[in-house]
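Residue-level structure breakdown
Here are the chains, one letter per residue:
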Amino acid sequence: MTRVLRVGAAQLGPIQRNDQRDFVVSRLIALLHQAADARVELLVYPELALTTFFPRWFVDDIATADHWYETAMPSPVTQPLFDEAKRLGIGFCLGYAELTPSGQRFNTQILVDAIGNTVAKYRKVHIPGHETHEPDRPFQHAERYYFTPSDDGFGVWDAFGGRIGMMICNDRRWPESYRVMGLQGVEMILCGYNTPLHYVPDPTQDPLQGFHNALVMQSGAYQNGTFVVGVAKGGVEEGVDSLADSMIVAPSGEILAKAVTNGDELVVASCDLDWCAQYTGTLFNFERYRRPEVYDRITSQRGVRLATPSGINKL
Ligand code: CDT
């Protein structure tokens, strides 16, 4: 028996600062139509898919940044995406900046099923970058100013005939993200990202960005016996280049499909969710082989600590 889910990574090219939401939504819908032609059942959009990556700009008064955030989802401007997806019978995952009624700001992804119901909301846990303006940088990465790290953690949801989890961008670099979902039997993790290449002094001196992107998603998939769908907003936004390389990774760790451009592009793979059990049932049979009793540092400590008060462990 197989449970095949046909999934699409809806990579976006750049969204410029002055691009209006309705124009961006029309691009999302164009990718949705391509997905329908490709018989996609679940389409995954990137992190902050409705706007430019605005944490590269700093504003002294955060209230003046409210226009980057969504206070409702769907909203009048995003409703056409929801309507068209429902008409086509395609579920989707969408990343956006969320401003709650109580004034909290989260980097959020939602999962919507094929009949238009919102199944789940995930708020980014690992928020990278800095909290204050750093004038020496040509561009900021002030995510920690614009977003509160979520304490909700990593849930999984029964949807699309399988068990689906979500994470956002920097979360994919942390093995804990995958493992917490792995321990809930996740079969497919959906991850949007914006990975600016400016963060190192000279992008040409960091040729490992693409390698590290693939490395973390492939190892996370393999070590937890899950598919991973990584979806970029790539290309040059207002002078800042971002990694593309959207990809769909199998529980074997193999890349099934990968973007070849850094613009709007659909990447598709048919994913047999029963493949996951080949890894979670044998090599990574957590019930049989894990040793949580010796992993206490994973949850009890944040930074690096010496093993003993006097120094490193000695024989
Ligand atoms: N959006 C996001 O999380 N980007 C980070 C950049 C890290 S550099 C501050 C990433 O991990 O790709």
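Residues numbered from 1 in each chain as written. Predicted model: local features only at pLDDT ≥ 70, side-chain atom pairs only at ≥ 80, totals over all residues. Heavy atoms only, no water.

Secondary structure assignment for the protein yields eight helices and 14 strands. Counting the 315 residues in the protein, one finds 52% classified as buried. Residue pairs in contact within the protein that sit at least 24 positions apart in sequence constitute 69% of those at least 6 positions apart. Entry remark: accessible area of the protein is about 14,600 Å², with carbon and sulfur atoms responsible for 54%. For the protein, the distance from the average site of its 28 positive side-chain charges to the average site of its 37 negative ones is 6 Å. (Helix = DSSP H or I, 4+ residues; strand = E, 2+ residues; numbered from the N terminus. Buried < 20%, exposed > 50% of the residue type's maximum accessible area, 1.4 Å probe, protein only. Contact = heavy atoms within 4.5 Å. Areas by Shrake-Rupley, 256 points an atom, 1.4 Å probe, with all protein chains shown as cover. Lys, Arg positive; Asp, Glu negative; His and termini not counted. Charge placed at Lys NZ, Arg CZ, Asp CG, Glu CD.)

On to the side chain of Thr 108, then. If you trace the backbone, Thr 108 turns up in strand S4 (residues 105–112). Polar contacts involving the side chain of Thr 108 include one to the side chain of Glu 98, which spans 2.8 Å. Leave out the neighbours within four places in its chain, and Thr 108 touches Leu 94, Gly 95, Tyr 96, Glu 98, Lys 121, Tyr 122, Arg 123 and Ile 168. (Polar contact = N/O pair within 3.5 Å; in protein donor to acceptor, adjacent residues only side chain to side chain.)

A sheet is described by the order of its strands in space; here six strands give the open sequence S5-S4-S3-S2-S1-S14, paired in mixed fashion. In this open sheet, the two edge strands, each paired with only one partner strand, are strand S5 (118–123) and strand S14 (265–272). Each neighbouring strand pair of the sheet contributes to a mean axis angle of 25°, computed without reference to strand direction. Across three bridges, the pairing between strand S1 (residues 4–11) and strand S2 (residues 42–44) is parallel. For Ala 9, the partnering residue across the bridge sits in S2 and is Val 44. (Pairing = 2+ DSSP bridges. Axes fitted to C-alpha atoms, helices over the stretch in contact; angles between N-to-C directions.)

It is worth spelling out the pattern of salt bridges at this point. Within the structure shown, the criterion is met by 18 salt bridges. The shortest N-O distance in the salt bridge between Arg 123 and Asp 152 comes to 4.0 Å. Here Asp 152 lies in the loop between helix H3 (143–146) and strand S6 (156–159) and Arg 123 lies in strand S5, a separation of 29 residues in the sequence. The closest approach of N and O atoms between Glu 131 and Arg 144, which form a salt bridge, is 2.6 Å. Residue Glu 131 is located in the loop between S5 and H3, and its partner Arg 144 is located in helix H3; the two are separated by 13 residues in the primary sequence. Glu 131 gets classed as partly exposed once you look at its relative accessible area, which sits at 41%. Of the residues examined, Arg 144 reaches a relative accessible area of 35% and is grouped as partly exposed. Among the charged side chains, a salt-bridge network with shared partners connects Arg 56, Lys 233, Glu 237 and Glu 238. (Salt bridge = Lys/Arg side-chain N within 4 Å of Asp/Glu carboxyl O.)

Attention now goes to a nonpolar patch on the surface. On the surface, Leu 208, Phe 211 and Leu 215 cluster together into a nonpolar patch covering about 280 Å² of accessible area. Within the element layout of this structure, Leu 208 appears in the loop between strand S8 (188–193) and helix H5 (209–224). Among the residues examined, Leu 208 registers a relative accessible area of 40% and is labelled partly exposed. (Patch = residues over 30% accessible without salt bridge, like charges linked within 9 Å, V, L, I, M, F, W, Y side chains within 5 Å.)

With that out of the way, let us pick up the site of the ligand. Close to the ligand lie 14 residues; Lys 124, Cys 169, Asn 170, Arg 173 and Thr 195 are nearest. Between the ligand and the protein, one listed contact pairs an oxygen atom with a side-chain N or O atom of Lys 124 at 2.8 Å. Glu 143 is positioned such that a nitrogen or oxygen atom in its side chain is 3.0 Å from a nitrogen atom of the ligand. For the shell around the ligand, the residue count by class is four nonpolar, five polar and five charged. (Near = heavy atom within 4 Å. Nonpolar A, V, L, I, M, F, W, Y, C, P; charged D, E, K, R; others polar.)

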